[in-house]
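Structural description and commentary
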Amino acid sequence: ASVFHGFHYFVVGVTKRSYILVHGITYKNQGLFAIARMFNDLGGSPCYTHVDGAGEFNSEIAQGYFLHANTSPVTIEAEHWRNGPAERAIGLLKGHANACLHHADAPLNFWYLALPHVALLLNVLRRARHPSGSGADSGKQLDMTVYEAHFGVRPSFASLVVGPFGCLAFVVLTPEQRSARGFDKSWSPKAIAGMFVGVWHNARKNIFHYLMYDGTR
């Protein structure tokens, strides 16, 4: 279902520090666009990119894109374990997003609203690990969250306010917003109520966007 966002699929990326990125796509052949957005979120392409065996990631066009982005795609048959971090992330995202939807009694077409919200929570709450292949410390937990390992700073709950997905939320309207809605200056509502549908994190600018659904569309 894609009533609100137009997406039917999603693409997940995981960095060496276990930082999760997720982007939605309407058609499977748009997978490269999602990868390009992830590279933009990361501030540039990594040296190596492990991708699965899907045709949209191994076509001549895909190979040309990866060459242009200065990254080497790695797809090795019979070594599917290389995609383990991404597949585990997909399992976590789907499981927790499903729990959010059912706990909030939200429509299933809110699935893409729940996914980035869950990804942010996983990045903020999980502990980071040493990348695989880093010697004796490979896989060991670090004394920091995935978010801190990625951005270099601890997540601050002074700027990040997270409520339960689906809870009641209010948006306080500015005078300009009230005027645009035709509200009376003195007697009309100062805020509108709705359903909190998660936080979308702009990873490139490290800005949090709080989403609310008021039932108007």
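Heads up: the structure comes first, above all this text.
The model shown is predicted, which means the values in this text are computed figures rather than measured ones.

A closer look at the overall build of the protein chain
- On a plain count of helices and strands, the protein chain comes out with seven helices and nine strands.
- A buried classification covers 35% of the 217 residues belonging to the protein chain.
- Sequence separation of at least 24 residues holds for 51% of the intrachain contacts in the protein chain that already meet a minimum separation of 6.
- With an accessible surface of roughly 13100 Å², the protein chain has 56% of that area assigned to carbon and sulfur atoms.
- Once the 19 positive and 14 negative side-chain charges of the protein chain are each reduced to a mean point, those two points are 7 Å apart.

Structural notes on the pairing of strand β1 (residues 9–14)
- Bridging between β1 and strand β2 (residues 20–25) involves six bridges; their strand directions are antiparallel. Bridge pairing links V12 to V22 in β2.
- Where β1 hands over to β2, the hairpin turn is made up of five residues, of which S18 adopts a positive phi near 75°.

Quick word on the nonpolar core
- Among the nonpolar cores identified, the biggest contains 22 residues, and I20, L93, L101, A106, L115, F165 and M195 are the most heavily contacted of them.
- Mapped onto this core, the elements with two or more residues apiece are β2, α4 (84–104), α5 (111–125) and β8 (191–202).
- The biggest single contributor to this core is α5, with seven residues.
- Apart from residues lying up to four places away in sequence, I20 is in contact with V12, G13, V14, A89, L93, A119, L122, N123 and R126.
- Counting residues in hydrophobic clusters, the runner-up holds 10 residues, among them Y19, L21, A34 and A203.

Considerations on the sheet that holds strand β7 (residues 168–172)
- Taken in spatial order, the three strands of this open sheet run β7-β8-β9, and their pairing is antiparallel. Whereas interior strands pair on both sides, the edge strands pair on one side only; in this sheet they are β7 and β9 (207–213). Taken over all neighbouring pairs, the strand axes of this sheet differ in orientation by 60° on average, direction set aside.
- In the packing of α5 onto the sheet, the strands contacted are β8 and β9, and the crossing angle to β8 comes to about 60°.

Observations regarding the side chain of H23
- With respect to the helices and strands, H23 occurs in strand β2.
- Among the residues examined, H23 registers a relative accessible area of 4% and is labelled buried.
- Of note is the side chain of H23, whose polar atom sits 2.7 Å from the side chain of D41.
- Excluding residues within four positions of it along the chain, H23 makes contact with Y9, F10, V11, A34, R37, M38, D41 and Y112.

A short note on the pattern of salt bridges
- Within the structure shown, the criterion is met by one salt bridge.
- One salt bridge in this structure joins R154 and E148, with 3.7 Å as the shortest N-O distance.
- By relative accessible area, R154 is classed as exposed at 63%.
- The class for E148 is buried, based on a relative accessible area of 17%.

Observations concerning the packing of aromatic side chains
- Per the stated rule, a full pass over the model turns up eight aromatic pairs.
- Taking 5.6 Å as the distance between ring centres and 85° as the angle between the ring planes, the aromatic pair formed by Y19 and F151 counts as edge-to-face. Placement of Y19 in the loop between β1 and β2 and of F151 in helix α6 (residues 146–151) is noted, with a sequence separation of 132 residues between them.
- A ring pair is formed by Y147 and F151, whose centres lie 4.7 Å apart and whose planes are at 40°; its orientation type is tilted. Of this pair, Y147 and F151 both sit in helix α6, separated by four residues, roughly a single helical turn.
- Among the aromatic residues, ring-to-ring pairing joins F7, F10, W111 and Y112 into one connected group.

Overview of the environment of V14
- Secondary-structure assignment places V14 in strand β1.
- C-alpha separation for the pair V14 and P85, spaced 71 residues apart in sequence, amounts to 6.7 Å.
- Here V14 is in contact with Y19, I20, P85, A86 and A89, once residues within four sequence places are set aside.

Reading the values: rules and limits
- Residues numbered from 1 in each chain as written.
- Predicted model: local features only at pLDDT ≥ 70, side-chain atom pairs only at ≥ 80, totals over all residues.
- Heavy atoms only, no water.
- Helix = DSSP H or I, 4+ residues; strand = E, 2+ residues; numbered from the N terminus.
- Buried < 20%, exposed > 50% of the residue type's maximum accessible area, 1.4 Å probe, protein only.
- Contact = heavy atoms within 4.5 Å.
- Areas by Shrake-Rupley, 256 points an atom, 1.4 Å probe, with all protein chains shown as cover.
- Lys, Arg positive; Asp, Glu negative; His and termini not counted.
- Charge placed at Lys NZ, Arg CZ, Asp CG, Glu CD.
- Pairing = 2+ DSSP bridges.
- Core = buried A, V, L, I, M, F, W, Y, C linked by side-chain atoms within 4.5 Å.
- Axes fitted to C-alpha atoms, helices over the stretch in contact; angles between N-to-C directions.
- Polar contact = N/O pair within 3.5 Å; in protein donor to acceptor, adjacent residues only side chain to side chain.
- Salt bridge = Lys/Arg side-chain N within 4 Å of Asp/Glu carboxyl O.
- Phe/Tyr/Trp six-rings, centres within 6.5 Å; stacked < 30°, edge-to-face > 60°.

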